[in-house]
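Each chain, letter by letter, is given below.
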Amino acid sequence: MGLVEGFAKPLSRAYPRATPGTLTEITAAGFTGTGSGRLEAWCPGLGRPVLATTNVSDPVLTQVAGGWRLTAGTDGAYSVTAH
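First, a word on what this report is: a plain description of the structure on this page.

Thresholds, definitions, all that
- Residues numbered from 1 in each chain as written.
- Predicted model: local features only at pLDDT ≥ 70, side-chain atom pairs only at ≥ 80, totals over all residues.
- Heavy atoms only, no water.
- Salt bridge = Lys/Arg side-chain N within 4 Å of Asp/Glu carboxyl O.
- Helix = DSSP H or I, 4+ residues; strand = E, 2+ residues; numbered from the N terminus.
- Buried < 20%, exposed > 50% of the residue type's maximum accessible area, 1.4 Å probe, protein only.
- Contact = heavy atoms within 4.5 Å.
- Core = buried A, V, L, I, M, F, W, Y, C linked by side-chain atoms within 4.5 Å.

### Looking at the pattern of salt bridges
Right, on to step 1. Taken as a whole, this structure holds two salt bridges when the rule is applied.
Right, on to step 2. Residue R17 pairs with E40 through a salt bridge whose shortest N-O separation is 3.1 Å. With a gap of 23 residues between them, R17 in strand β1 (residues 15–18) and E40 in strand β4 (residues 37–44) connect regions that are remote in the sequence.
Right, on to step 3. Overall, the relative accessible area of 14% leaves E40 in the buried class.
Right, on to step 4. In this structure, R38 and E40 form a salt bridge, with 3.4 Å as the shortest nitrogen-oxygen distance.
Right, on to step 5. Residue classification places R38 among the exposed residues on the basis of a relative accessible area of 55%.

This is how it looks when you write it as structure tokens:
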């Protein structure tokens, strides 16, 4: 069937997979939330993503099939934005 028009572009964006606390906003560029704990997000693409973060500690980007997995810790109000 291939890629379905209308779904292909949104599904090719970075998105949070597991977040502590409450997500307060998700946009095409990133996400914000409040809480303390482990964060995991998906970043598609071959090139290593360039991320801007707030209150995110020890971020680790691991290359996997089709993209990158971000794991990190958060404390309080946090944000992750891809550039």
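### Description of unusual backbone geometry
Right, on to step 1. At N55, a residue that is not glycine, the phi angle is positive and equals roughly 55°.
Right, on to step 2. Of note, N55 is situated in strand β5 (residues 51–64).
Right, on to step 3. With phi around 50°, D58 is a residue other than glycine that occupies positive phi space.
Right, on to step 4. Position of D58 among the secondary structure elements: in strand β5.
Right, on to step 5. The class of D58 is exposed, set by a relative accessible area of 66%.

### Section: the side chain of S79
Right, on to step 1. Note on placement: S79 falls in strand β6 (residues 67–82).
Right, on to step 2. The class of S79 is buried, set by a relative accessible area of 16%.
Right, on to step 3. Apart from residues lying up to four places away in sequence, S79 is in contact with F31, T32, A52, T53, T54 and V56.

### What to know about the nonpolar core
Right, on to step 1. Counting 11 residues, the largest nonpolar core consists of F31, L39, A41, C43, V56, L61, W68, L70, A72, Y78 and V80.
Right, on to step 2. The set of elements that each furnish at least two residues to this core consists of β4, β5 and β6.
Right, on to step 3. Residues contacting V56, with those up to four places away along its chain left out, are A72, G73, T74, Y78, S79 and V80.

### Describing the environment of L51
Right, on to step 1. Relative to the helices and strands, L51 is located in strand β5.
Right, on to step 2. According to the relative accessible area criterion, L51 is partly exposed, its value standing at 25%.
Right, on to step 3. As for L51 and A82, which are separated by 31 residues in sequence, their C-alpha atoms are 4.6 Å apart.
Right, on to step 4. Setting aside residues up to four positions removed in sequence, L51 forms contacts with C43, L61, L70, V80, T81, A82 and H83.

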